[in-house]
Amino acid sequence: MDLFNYSRRPTVTVHIGDTPLGGDNPVRLQSMTNTSTLDTMACVEQAKRIADAGGEYVRLTTQGVREAENLKDINAALRKDGYTVPLVADVHFNPNVADVAALYAEKVRINPGNYVDAARTFRHLEYTDETYAAELKRLHDRFVPFLEICRQNHTAIRIGVNHGSLSDRIMSRYGDTPQGMVESCMEFLRICVEQRFSDVVISVKASNTVVMVRTVRLLVDAMDREDMHFPLHLGVTEAGDGEDGRIKSALGIGALLADGLGDTIRVSLSEAPEAEIPVARKLAAYVAERAGHPYIPGPQDTDFCYLSPVRRVTAAVHDIGGDNVPVVLAARLDGNQDFIPQFTPDYVYVGRHLPEARKEGVRYIVDADLWNGQPDCWPAFKSDNLFLMSACDASLKFLFITYMGLDEEALACLKYHPEVVLIAQSNHPNRLGEQRALALQLMREGLKNPVVFFQHYAEDSLEDFQLKAAADMGALVFDGLTDGVFLFNQGGVKDTAIDTTAFGILQAGRARVTKTEYISCPGCGRTLYDLQSTIARIKEATSHLTGLKIGIMGCIVNGPGEMADADYGYVGAGRGKVSLYRRKECVEKNIPEAEAVGKLVALIKHCGDWRERE
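In this report, we go over the structure that sits alongside the text.

## Considering the overall build of the protein chain
- The number of helices and strands found in the protein chain is 16 helices and 23 strands.
- Relative to the compact-globule value of 25 Å for 614 residues, the protein chain shows a C-alpha radius of gyration of 25 Å, a close match.
- Each principal axis of the C-alpha distribution contributes one length, and for the protein chain these read about 75 × 55 × 55 Å.
- By element, 50% of the accessible surface of the protein chain is carried by carbon and sulfur atoms, the whole surface being about 23,100 Å².
- For the protein chain, the separation between the mean place of its 66 positive charges and that of its 83 negative charges on side chains is 4 Å.

## Quick word on the pattern of salt bridges
- One pass over the full model with this rule turns up 46 salt bridges.
- Across the pair Arg332 and Asp495 runs a salt bridge, and its minimum N-O distance is 3.8 Å. One end of the pair, Arg332, is in the loop between β11 (327-331) and β12 (347-351); the other, Asp495, is in helix α13 (residues 495-508), and 163 residues separate them in sequence.
- Judged by relative accessible area, which is 2%, Arg332 ranks as buried.
- For Glu588, the salt bridge identified is with Lys599, shortest N-O distance 3.4 Å. On the criterion of sequence distance, the pair formed by Glu588 in strand β23 (residues 585-592) and Lys599 in helix α16 (residues 593-606) is long-range, its members being eleven residues apart.
- With a relative accessible area of 33%, Lys599 lands in the partly exposed category.
- Ionic contacts of the salt-bridge type, sharing partners, join the residues Arg246, Glu271, Lys282, Glu463 and Asp464 into one network.

## A word on the sheet that holds strand β16 (residues 420-425)
- As summarised here, the arrangement of the eight strands in space is β11-β12-β13-β14-β15-β16-β17-β18, forming a closed barrel in which the pairing is parallel. Here the average twist between neighbouring strands, direction ignored, is 25 degrees.
- When β12 meets strand β13 (residues 363-367), the two strands line up parallel, connected through four bridges. Paired with Tyr347 across the strands is Arg363, a residue of β13.
- In this fold α13 packs onto β11 and β18 (484-489), with an angle of close to 150 degrees to the strand it touches most, β18.

## Examining the packing of aromatic side chains
- Enumeration according to the criterion identifies 14 aromatic pairs in this entry.
- Taken together, a centroid distance of 5.6 Å and an interplanar angle of 85 degrees make the contact between Tyr457 and Phe465 edge-to-face. Each member of the pair, Tyr457 as well as Phe465, carries the same accessibility label: buried.
- Cation over ring: Arg173 sits above Tyr132, and NZ or CZ is 4.1 Å from the ring centre.

## Examining the pairing of strand β8 (residues 200-205)
- Within β8, six of the six residues are buried, which leaves it mostly tucked inside the rest of the structure.
- Side chains of β8 alternate between two faces, with Val200, Ile202 and Val204 and Val201, Ser203 and Lys205 buried alike.
- Sheet topology places strand β7 (residues 156-162) next to β8; six bridges connect them, and they run parallel. The residue of β8 that forms the bridge with Ile157 is Val200.

## Brief notes about the side chain of Gln441
- Locating Gln441 in the fold gives a position in helix α11 (residues 431-445).
- In this structure Gln441 comes out as buried when scored by relative accessible area, which is 11%.
- Residue contacts for Gln441: discarding those within four places in its chain leaves Pro299, Tyr403 and Leu406.

## Side note on helix α9 (residues 276-288)
- An ideal rise of 1.5 Å per residue puts 18 Å on 13 residues; α9 measures up with 18 Å between its terminal C-alpha atoms.
- Residues of α9 that are buried: Glu276, Ile277, Val279, Ala280, Leu283, Ala284, Tyr286 and Val287.

## Digging into the packing of helix α4 (residues 129-153) against helix α6 (residues 178-194)
- Remark: α4 packs on α6, axes separated minimally by 10 Å, with the N-to-C direction vectors making an angle of 55 degrees. By the angle class used here, α4 and α6 are oblique. As for the relative orientation of α4 and α6, their crossing is right-handed in sense. For the pair formed by α4 and α6, the contact residues are Tyr132, Leu136, Leu139, His140, Phe143, Val144 and Leu147 on the first element and Glu187, Phe188, Ile191, Cys192 and Glu194 on the second.
- Of the residues contributing to the contact of α4 with α6, the split by class is nine nonpolar, one polar and two charged.

Calculation criteria
- Residues numbered from 1 in each chain as written.
- Predicted model: local features only at pLDDT ≥ 70, side-chain atom pairs only at ≥ 80, totals over all residues.
- Heavy atoms only, no water.
- Helix = DSSP H or I, 4+ residues; strand = E, 2+ residues; numbered from the N terminus.
- Rg over C-alpha atoms; globule rule 2.2 N^0.38 Å.
- Areas by Shrake-Rupley, 256 points an atom, 1.4 Å probe, with all protein chains shown as cover.
- Lys, Arg positive; Asp, Glu negative; His and termini not counted.
- Charge placed at Lys NZ, Arg CZ, Asp CG, Glu CD.
- Salt bridge = Lys/Arg side-chain N within 4 Å of Asp/Glu carboxyl O.
- Buried < 20%, exposed > 50% of the residue type's maximum accessible area, 1.4 Å probe, protein only.
- Pairing = 2+ DSSP bridges.
- Axes fitted to C-alpha atoms, helices over the stretch in contact; angles between N-to-C directions.
- Contact = heavy atoms within 4.5 Å.
- Phe/Tyr/Trp six-rings, centres within 6.5 Å; stacked < 30°, edge-to-face > 60°.
- Lys NZ or Arg CZ within 6 Å of the ring centre and 35° of its normal.
- Expected span 1.5 Å × (residues − 1).
- Parallel < 35°, antiparallel > 145°, perpendicular 65-115°, else oblique.
- Left-handed = near helix turned anticlockwise from the far one by under 90°.
- Nonpolar A, V, L, I, M, F, W, Y, C, P; charged D, E, K, R; others polar.

If you want it as structure tokens, here you go:
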């Protein structure tokens, strides 16, 4: 893979109804209904809304044989009204359901974690090589007849691995790891190759964006080593709603799209299914704009490991770099001093206009030629005034620089000035490529200066700004190259919204925690309560509990597994019934929905994690 120059990963073409995937086709967009698959007209109307919004595939939950058989009526009703959007059956737990669904859907998603293996119980099982091989033989013998049904009916399949539903068998041998997710997928892919069945799409998803990105990278490497070229479905499970869901999805999906990975995407928001499509369209289109960009000659011989990145080693300058969490820089060039206390930037660049009345606790950055040793104020240099640096005795200095500006003079200067923090800029169509190249060039030269990535936009829409910023920062965060984020926008987005976006990006990338994190599913026909109103009530009650992770799951399919690193879980247990979890342990079952949020608060208090609002 070229780390610096964008191109789509070559894949085979998969035939899904009249909408092929992979190959030379554009990145396809999709969503999933949240209506009962037994309610034909509700599914048809929602599928139409998804298609009208631009969705190219519609997925429906298929819990049992009755739901699978009803896909026939849903499909027929859509075709009668002129809609040709392919339908995807989502199957868990019962391979017999997949066999039936393959007769009536254009694609069937199966979950390797529960297709043949029993539902996950978190039990550790001991396997010899012989007994493990026997389990794989059992999987093979059940999966091959399903492939034959799909072949005869021209039905594609998706092998959809979820971090939250790895089987006890995989967990026992590989652990709760990206490597385990990859092997769970490869077991099925090897059978597809053996059977010469090529209409296969793959997904490996997680709510933890770090796990999701690393797993996809490892999976592509594993496929390449076995000469497989199946297309990828990308998504962050349980991303949530509102701006958090958009930032989290754009960070994870965008990081992979930016490296040319991904052939279809689903942005999983806890909102109406059709609301996902415009978000997905913007994200895919933004990344696709960099196709055919001018070549970036990035450094090739570095110690950077794309498959298993660790944070770049830097020397801390004050609270930037080293073992410190990434900082947030912001610009206030017009004298505006509005800040949200919870999301106040660590440093504020004011250019040539240091305010006379400065905000208490805020540290400022001014242009170097104006700096005269003011307290809580630090100088910023540019490439054309490096000659001033040696005469400046500040213990922290900032340097605005581009990759092409990192010439011999700049490198020599940095070797003598470890107190310099670089602010990496780029005007290149593929700014990720240039900014990644800058950080890796420093690594190659043995320089340990911290790097803050500067991203600039001209957006009037907050959503557009957030999607682009998260997509541009994603790979840089997951690569371990980010010592700070500096977002700048010349459009109509408020300064405080820019600040919260920067902090939101770091939280979504598990790099810095500044608020409560919600792991909430998008809902489907399995959802057992009103998801959107419940999320709102839980957020209203708990949004002040900074650092706490709360999982909000519509049903048990991915619940305990996807919430594995959540502190508390709220999971649908039956129609109008909820079970509460403390990490992986269910502590109270079948609570009436009307009482469940109050019981969740009581549980948090009982466990000592509650604090009152300030």
